[in-house]
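Fold and contact review
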4 protein chains.
Amino acid sequence: MSSVRGRIEASFNAQALMATLGARLVHVEEGEVHILLPFADSLTQQHGYAHAGAITSVVDSACGYAALTKAPVDHEVVSVEFKVNFLRPALGRQFLAIGKVRTAGRLITVCTGEVHATSEEADSKVVAIMQATMMNVRRDT
Amino acid sequence: MSSVRGRIEASFNAQALMATLGARLVHVEEGEVHILLPFADSLTQQHGYAHAGAITSVVDSACGYAALTKAPVDHEVVSVEFKVNFLRPALGRQFLAIGKVRTAGRLITVCTGEVHATSEEADSKVVAIMQATMMNVRRDT
Amino acid sequence: MSSVRGRIEASFNAQALMATLGARLVHVEEGEVHILLPFADSLTQQHGYAHAGAITSVVDSACGYAALTKAPVDHEVVSVEFKVNFLRPALGRQFLAIGKVRTAGRLITVCTGEVHATSEEADSKVVAIMQATMMNVRRDT
Amino acid sequence: MSSVRGRIEASFNAQALMATLGARLVHVEEGEVHILLPFADSLTQQHGYAHAGAITSVVDSACGYAALTKAPVDHEVVSVEFKVNFLRPALGRQFLAIGKVRTAGRLITVCTGEVHATSEEADSKVVAIMQATMMNVRRDT
């Protein structure tokens, strides 16, 4: 698993958007990856909450890397499509995006994701859920 | 329509994520809004293309503002959910996100979106399509 | 809860499509509903498996009725939209569709669904997962 | 194209669910397929409209067959996933499901679909829109 963790860290560090948003890779295990996004003023929509696009970006990456833990070593993963429901306003000190593999095939991996908002005042709440289709592609093709 | 354009510009300018990504509001008409995202190194995924999350962020905002052109004046629009298909790698000099209203009800507005990539070498290509559900919410609730 | 179960049974029995497909309501609890669809030759796609549309029909109803267990008494539930991933061919003796409420708001309820295929030869397998948006509508409007 | 039409007719006739619902294949061209579903009492949900599942079944098949017009000759098409928005109650004498290819790759084809309801009293109305991911699979694998 350490080599998978290394591959995912290297790939995550190459995703400039994650640095732009301030997101950090915090957990990698077989079939599950967590990405943490601290709230920042640079991420808001017009009401001061985190923008749906910022929330979606981190849970897409979490699902993609969860899929990568199941992909053949000489393959990358790309997002074919995803769908996200926003369950409540993305209000909180930080957002934890959790991506999990539901089924991993030779070509297609289906993942589900959740984004949990945490704050000092209240228990963590799920602000978004994702259902995503990822595809393995051979590296350098 | 000028007051709608004004409302949308004000709201867009209050979406800090749009400035963080470098996106600009370029067109507003009844039922249709365009947002332009120039490619930047800060937006990439691990292969150097624009990250699916950046592409999704601008087309979500384009759909949301298209919905807002149809909403009652004392209402805002929030994203209930959306689904995006990524048709090819998001490669290009700039990305034009087009959001259009399909049906606008009292509470729910359904939009479709497209993101066109343009470059110097080739015709513009659609890199992503969205189908989104937006909801009108009374302001200050 | 007994009155909710009664309302759901009455509504299910009024859904002629469920009888056409041969589906049966088998479980109702707060926030969760199960519908069973025995395999039949009348439900197939071209390879002899259950058609994606038949699988979708029962899990849509399961999600809708799960949402109804959380709706105000004078309201009905309609499907705003849903998304389904098909994880493997729908092969089995019978299919159990499970709909669960993730969050129930005043107007919008978000549900997730699964369809489990069972056969004599193997353990049950999840053949489809759904993420659905349901809306409460006042009865007789 | 005549051989494609023949392949699609043969496959459609092998989809028993289409006969169970009363659906007919009415148009095939490169990248676009139409399926007609006359309203019937056997298709209803609890308010007497056509059930979302019946509407979804025909537009899924229309999208799948549209994808098949673009698939290599020795391949079949399966539904990876789809998402449907229901724009208004499915009320009408008949429903015309139109599936169109947006992009066809070697493995993955992305389609959009619409279902138009027609009645004697009013112009036809779009009652549902779909965004679907189809996959080419080699026959007999």
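Our subject is the structure listed above.
Residues numbered from 1 in each chain as written. Chains lettered and ligands numbered in written order. Predicted model: local features only at pLDDT ≥ 70, side-chain atom pairs only at ≥ 80, totals over all residues.

**So, the overall build of chain A**
Definition in use: Strands are runs of DSSP state E lasting at least two residues, helices are runs of H or I lasting at least four, and both sets are numbered from the N terminus onward. Throughout, radius of gyration means the C-alpha value; the globule benchmark is 2.2 Å times the number of residues raised to the power 0.38. Three exposure classes are used, all based on how many other C-beta atoms lie within 10 Å of a residue's own C-beta (placed from the backbone): buried at 20 or more, exposed at 12 or fewer, and partly exposed between those limits.
Counting secondary structure elements, chain A contains three helices and six strands. Listing each helix as α and each strand as β along chain A from the N terminus yields α-α-β-β-α-β-β-β-β. Against the globule reference of 14 Å for 141 residues, chain A gives a C-alpha radius of gyration of 15 Å, in line with a compact fold. Across its three principal directions, the C-alpha atoms of chain A cover 45 × 25 × 25 Å. Counting across all 141 residues of chain A, residues that qualify as buried make up 55%.

**What about the environment of V115 of chain A?**
Residue and element names in this part refer to chain A. Among the secondary structure elements, V115 is positioned in strand β5 (residues 108–118). Judged by the 29 C-beta atoms lying within 10 Å of it, V115 is buried. Distance from V115 to A128, taken between C-alpha atoms, is 5.2 Å for residues 13 residues apart in sequence.

**Focus: the nonpolar core**
Under the convention used in this document: Note on terminology: a nonpolar core is any set of buried Ala, Val, Leu, Ile, Met, Phe, Trp, Tyr and Cys residues joined through C-beta atoms within 7 Å. A pair of residues counts as a contact when their C-beta atoms, built from backbone coordinates, are within 7 Å of each other.
With 204 residues, the main nonpolar core has I55 of chain A, I55 of chain B, I55 of chain C together with I55 of chain D as its most contacted residues. Excluding residues that lie within four positions of it along the chain, I55 of chain A makes contacts with A50, A90, F95, V115, V127 and A128 of chain A.

**Observations regarding the relation of the copies chain B and chain A**
Between the two copies of the chain lies a rotation about an axis combined with a shift along it. Rules: Superposition of the copies used a least-squares fit over C-alpha atoms from residues whose pLDDT is at least 70 in both.
Of the transformation placing chain B onto chain A, the axial shift is 0.0 Å and the rotation is 180°, giving an RMSD of 0.0 Å. Both copies of the chain, as the preceding transformation shows, are related through a two-fold rotation axis. By C-alpha distance to the rotation axis, the residue of chain B lying nearest is K83 of chain B, at 2.0 Å. Interface residue correspondence from chain B to chain A reaches 100%, placing this contact among same-surface, isologous pairings.

**Concerning the interface of chain D and chain C**
Our working rule: Nonpolar residues are Ala, Val, Leu, Ile, Met, Phe, Trp, Tyr, Cys and Pro. Charged residues are Asp, Glu, Lys and Arg, and all others, Gly as well, are polar. One bridge is not enough; two strands pair if DSSP finds at least two bridges between them.
The partner chain C presents 27 residues to the 27 residues of chain D that form the contact. Taken together, the elements giving at least two residues each to the side of chain D that touches chain C come down to α2 (16–21), α3 (52–68) and β3 (75–86) of chain D. Of all the elements, β3 of chain D adds the most residues to the side of chain D that touches chain C, at eight residues. Of the residues belonging to the side of chain D that touches chain C, the class tally is 10 nonpolar, 13 polar and four charged. In terms of strand pairing, strand β3 (residues 75–86) of chain C meets β3 of chain D through five bridges, oriented antiparallel. Paired with F82 of chain C across the two strands is V84 of chain D, which belongs to β3 of chain D.

**As for the interface of chain B and chain A**
Across the contact, 27 residues belong to chain B and 27 residues belong to chain A. Residue assignment for the side of chain B that touches chain A shows that the elements contributing at least two residues are α2 (16–21), α3 (52–68) and β3 (75–86) of chain B. The leading source of residues in the side of chain B that touches chain A is β3 of chain B, at eight residues. A class-by-class count of the residues in the side of chain B that touches chain A yields 10 nonpolar, 13 polar and four charged.

**Here's the deal with the sheet that holds strand β2 (residues 32–38) of chain C**
The following threshold applies: The angle between two axes is taken between their N-to-C directions and runs from 0 to 180 degrees, where each axis is a line fitted to C-alpha atoms and a helix contributes only its stretch in contact.
Judged by pairing direction, the sheet is antiparallel, and its 12 strands sit side by side in the order β1(C)-β2(C)-β4(C)-β5(C)-β6(C)-β3(C)-β3(D)-β6(D)-β5(D)-β4(D)-β2(D)-β1(D) without closing on themselves. Here the strands that pair on one side only, and so sit at the sheet edges, are β1 (24–29) of chain C together with β1 (24–29) of chain D. Here the strands of the sheet are splayed against their neighbours by 25° on average, with no regard to which way each runs. Pairing geometry for β3 of chain D and strand β6 (residues 125–138) of chain D, over 11 bridges, is antiparallel. Within β6 of chain D, the residue paired with V84 of chain D across the bridge is M130 of chain D. Together, β3 of chain C together with β2 (32–38), β3, β4 (94–104), β5 (108–118) and β6 of chain D form the strand contacts of α3 of chain D, whose direction differs from that of β4 of chain D by roughly 40°.

**Points about the sheet that holds strand β6 (residues 125–138) of chain A**
Read across the sheet, 12 strands follow the order β1(A)-β2(A)-β4(A)-β5(A)-β6(A)-β3(A)-β3(B)-β6(B)-β5(B)-β4(B)-β2(B)-β1(B) without closing on themselves; strand pairing throughout is antiparallel. Whereas interior strands pair on both sides, the edge strands pair on one side only; in this sheet they are β1 (24–29) of chain A together with β1 (24–29) of chain B. Strand-to-strand twist across the sheet, computed as the mean angle between neighbouring axes with direction ignored, equals 25°. Sheet strands in contact with α3 of chain B are β3 (75–86) of chain A together with β2 (32–38), β3, β4 (94–104), β5 (108–118) and β6 (125–138) of chain B, and its direction is about 40° off that of β4 of chain B.

**Some points on the environment of S42 of chain B**
The topology assignment puts S42 of chain B in the loop between β2 and α3. A count of 15 C-beta atoms within 10 Å places S42 of chain B in the partly exposed class. Between the C-alpha atom of S42 of chain B and that of G22 of chain B, which follows or precedes it by 20 residues, the distance is 9.5 Å. Look past the residues within four positions of S42 of chain B in its chain and what remains in contact with it is A16 and T20 of chain A.

**Quick notes on the environment of Y65 of chain D**
Residues and elements named next belong to chain D. With respect to the element layout, Y65 can be found in helix α3. On the basis of neighbour count, Y65 is assigned to the buried category, with 27 C-beta atoms found within 10 Å. The spacing of Y65 and K100 is 35 residues in sequence and 9.0 Å in space, taken between C-alpha atoms. Not counting the four nearest positions on each side in its chain, Y65 is found in contact with I8, F12, V33 and G99.

**Regarding the packing of helix α3 (residues 52–68) of chain A against α3 of chain B**
Rules: If an angle is under 35 degrees, it is roughly parallel; if it is over 145, roughly antiparallel; if it lies from 65 to 115, roughly perpendicular; otherwise it is oblique. Crossing handedness is defined as follows: a turn of the near helix away from the far one that is anticlockwise and smaller than a right angle gives a left-handed crossing, while the clockwise case is right-handed.
Across the interface, α3 of chain A lies against α3 of chain B with an axial gap of 8 Å and an inter-helix angle of 155°. By the angle between their directions, the pair α3 of chain A and α3 of chain B is classed as roughly antiparallel. As for the relative orientation of α3 of chain A and α3 of chain B, their crossing is right-handed in sense. Here A52, G53, A54, T56, S57 and D60 of chain A of α3 of chain A lie close against α3 of chain B, whose contacting residues are A52, G53, A54, T56, S57 and D60 of chain B. When its residues are assigned to classes, the contact of α3 of chain A with α3 of chain B shows four nonpolar, six polar and two charged.

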